[in-house]
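Spelled out from the first residue to the last, the chains are:
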Amino acid sequence: MSTKYIIASMFVMALTTYVIRMLPMAIFRKKINDKRVQSFLYYVPYAVLSAMTFPAIFSSTGSEVSAVVGCVVAIVLAYMKRGLLTVAVGAAVAVFLVQMIGF
Amino acid sequence: MKKSEFLQGIRHGIPICLGYFSVSAAFGITAVRSGLPLWTAVLISLTNVTSAGQFAGVNLMVAGGSMIEIAMTTLIINIRYFLMSLSVSQKVESKMSMKKRLGIAYGITDEIFAVSMQQPRKLTASYMAGLILTPVVGWTLGTFVGGAATQLMPQKLSSAMGIALYGMFIAIIIPPAREQKNVLFTVILAIAASVAFSSLPVLKLLSGGWAIILITILVSGIAAWLFPRNEEENAG
């Protein structure tokens, strides 16, 4: 792999990613007043985050058992309305402990 | 620049920063093991700020992929940012200048998007600058540390950190799903669709990036059709 090739690839990746992120911000400067579009956008975060988390979370650690335990811990903590950091760290600690036990 | 807004953004970015550190350390390790010089791995993280896209990009580089291939793969994996950015465009202050809008666009990641959507008010440029800065520092620094200390991080620790970002997503979707039936419906439908897309024979063929955006459009569309929201609710 030549350095020139790496830099060119990096430039292509960064440019593609930036254009995807930039276009909506540049185009939709005015508030969209259509009620259907507003409703649609309201649900986007929940739909996209749910789809990204499941089932991917179950293969995010060293073993499926530890991932299931971590996921359950995260759901319980989130249900109790704990903050982002608490839920994230709680899940990671649970996974670590389960992996230490040997699962 | 409003200082209090900026500092609040910095504060809200700390959990993301910590989660990013471990993921980007894994990226640094992968990149260096794949034969990339450490400084290019760090530069990739700083210019891209996208996890799955970067991993795929490095894989393609190792395989000697063409620029078209690299651009197309990046597009497919990252196309979801288009919808996220569209949501953010509706939530930033309407008087925000074009320059600031173009600056904020750089930092729209899954997690920064998720946290900004949780804000009960309009987003200012100062707040977004803080919310983007902390995670980008974590992302870049993590890549450096991971790449520099390729062998040092214990396997069990780094693999446990892999769940941290998903834990954050769960912390964002569960509390509103608990209170609002329409959100609960959206979450369950999206999970069901996502599981179907990753396991059913024909649907499985669709690559991850397209599946996510297809599910998002379908599920949000169905939810908006079944549970339209009125003006006051949407003001939030």
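Cut-offs applied
Residues numbered from 1 in each chain as written. Chains lettered and ligands numbered in written order. Predicted model: local features only at pLDDT ≥ 70, side-chain atom pairs only at ≥ 80, totals over all residues. Heavy atoms only, no water. UniProt positions renumbered as here; feature names shortened; annotations may be inferred. Contact = heavy atoms within 4.5 Å. Buried area = accessible area lost by both parts, 1.4 Å probe. Salt bridge = Lys/Arg side-chain N within 4 Å of Asp/Glu carboxyl O. Helix = DSSP H or I, 4+ residues; strand = E, 2+ residues; numbered from the N terminus.

As recorded by an unreviewed UniProt entry, chain B carries the name AzlC family ABC transporter permease and is attributed to Oliverpabstia intestinalis. Per UniProt, chain B has the following entry under Subcellular location (unreviewed entry): "Cell membrane". Quoted straight from UniProt, the Sequence similarities (unreviewed entry) entry for chain B says "Belongs to the AzlC family."

Undergrad: Before we move on, could you go through the interface of chain A and chain B and cite the residues and values that matter?
TA: Each partner contributes to the interface: chain A provides 71 residues, whereas chain B provides 104 residues. Of the roughly 7600 Å² buried at the junction of chain A and chain B (both faces included), carbon and sulfur atoms supply 74%. Looking only at chain A, the three residues that lose the most surface to chain B are Arg-21, Met-25 and Tyr-43 of chain A, adding up to 12% of its buried area. At the junction of chain A with chain B, the criterion picks out 1 salt bridge. The salt bridge involving Glu-179 of chain B is made with Lys-81 of chain A; its shortest N-O contact spans 3.3 Å.

Undergrad: Which residues make up the UniProt feature "transmembrane region" (unreviewed entry) in chain B, and what values go with them?
TA: Residues and elements named next belong to chain B. UniProt records the feature "transmembrane region" (unreviewed entry) for residues 12-36, 56-81, 125-145, 157-177, 183-203 and 210-227 in the present numbering. With 88% helix and 0% strand, residues 12-36 has end C-alpha atoms that lie 33 Å from one another. Between the first and last C-alpha atoms of residues 157-177 the distance is 31 Å; the span itself is 90% helix and 0% strand.

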